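The chain contents come next:
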Amino acid sequence: MRTFDYSPFYRATVGFDRVFDLLDSVASQTGSNGYPPYNIEKAGDNAYRIVMAVAGFAEAELNVTQKENELLVTGQTANAQDDRQYLYRGIAGRNFERRFQLADHVKVIGAKLANGLLTIELQREIPEEKKPRAIPVTAGQAALTH
């Protein structure tokens, strides 16, 4: 596993500790075996979509949870013993857990399962106080008070 040295960035930035901690945690995530495969799409200026290939899973076997800035998607198969004898089994259907780190103010607005694809819709909702605002400029010698 490759580690990164962020010390040059610490010398030139203030208050970005959380960003560097996030990068470290994502780089050191275990269990990233590539299953299930997924896409992350930009659906608009503040809209995103995660599409996961979850063939063989029913709605009741999938769980999508957002806790603060982390999205957790899990799949638990029902483990039903069947009498099928497979000559080749290419559809995995095994349990999984996939974590995604979300930016501030990104919320899950919905999830749907169709044709073996789990689609999770995300939206960045920037609070009014965080949006840019115009500051009026006045002429004269007005004293600025806080």
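Please refer to the structure higher up on the page.
Residues numbered from 1 in each chain as written. Predicted model: local features only at pLDDT ≥ 70, side-chain atom pairs only at ≥ 80, totals over all residues. Heavy atoms only, no water.

## Here's the deal with the pattern of salt bridges
In the structure shown here, the tally under the stated rule is five salt bridges. Taking the shortest distance from any N to any O, the salt bridge between R49 and E121 comes out at 2.8 Å. Of this pair, R49 sits in strand β2 (residues 47–53) while E121 sits in strand β7 (residues 117–124); the two residues are 72 residues apart in sequence, bridging distant segments of the chain. Judged by relative accessible area, R49 falls into the partly exposed class, the value being 25%. What emerges from the salt-bridge pattern is a single network uniting E41, R49 and E121. (Salt bridge = Lys/Arg side-chain N within 4 Å of Asp/Glu carboxyl O. Helix = DSSP H or I, 4+ residues; strand = E, 2+ residues; numbered from the N terminus. Buried < 20%, exposed > 50% of the residue type's maximum accessible area, 1.4 Å probe, protein only.)

## Here we look at the pairing of strand β6 (residues 106–114)
Note: β6 against β7, eight bridges, orientation antiparallel. Within β7, the residue paired with K107 across the bridge is Q123. What sits between the antiparallel neighbours β6 and β7 is a turn of two residues, in which N115 has the positive phi angle 55 degrees. (Pairing = 2+ DSSP bridges.)

## A look at the packing of aromatic side chains
Throughout the structure, instances matching the rule amount to three aromatic pairs. Judged by centre distance (6.1 Å) and plane angle (90 degrees), the ring pair of Y35 and F96 falls under edge-to-face. Within this pair, whereas Y35 is found in the loop between α2 (17–27) and β1 (38–42), its partner F96 is found in strand β5 (residues 96–101), the two being separated by 61 residues in sequence. Accessibility expressed as a relative area gives 13% for Y35, which makes it buried. When its relative accessible area of 6% is taken as the criterion, F96 is described as buried. Site record: aromatic cluster; members linked through ring pairs are Y35, F57 and F96. For R89, the ring lying beneath its charged end belongs to Y86, and the centroid distance is 4.6 Å. A cation over a ring is seen here: R94 above Y35, with NZ or CZ 4.1 Å from the ring centre. (Phe/Tyr/Trp six-rings, centres within 6.5 Å; stacked < 30°, edge-to-face > 60°. Lys NZ or Arg CZ within 6 Å of the ring centre and 35° of its normal.)

## Focus on a nonpolar patch on the surface
Where nonpolar side chains cluster on the molecular surface, the patch consists of F16, V19 and L23 and spans about 250 Å² of accessible area. Relative to the elements of secondary structure, V19 occurs in helix α2. (Patch = residues over 30% accessible without salt bridge, like charges linked within 9 Å, V, L, I, M, F, W, Y side chains within 5 Å. Areas by Shrake-Rupley, 256 points an atom, 1.4 Å probe, with all protein chains shown as cover.)

## As for the nonpolar core
Ranked by size, the top nonpolar core spans 15 residues in total, and within it M52, L71, V73 and F96 carry the most contacts. Only β2, β4 (70–75), β5 and β7 provide two or more residues apiece to this core. The leading source of residues in this core is β7, at three residues. Other than its neighbours up to four places away in sequence, L71 contacts I50, V64, T65, Q66, R98, R99, F100, L102, V108, I120 and L122. (Core = buried A, V, L, I, M, F, W, Y, C linked by side-chain atoms within 4.5 Å. Contact = heavy atoms within 4.5 Å.)

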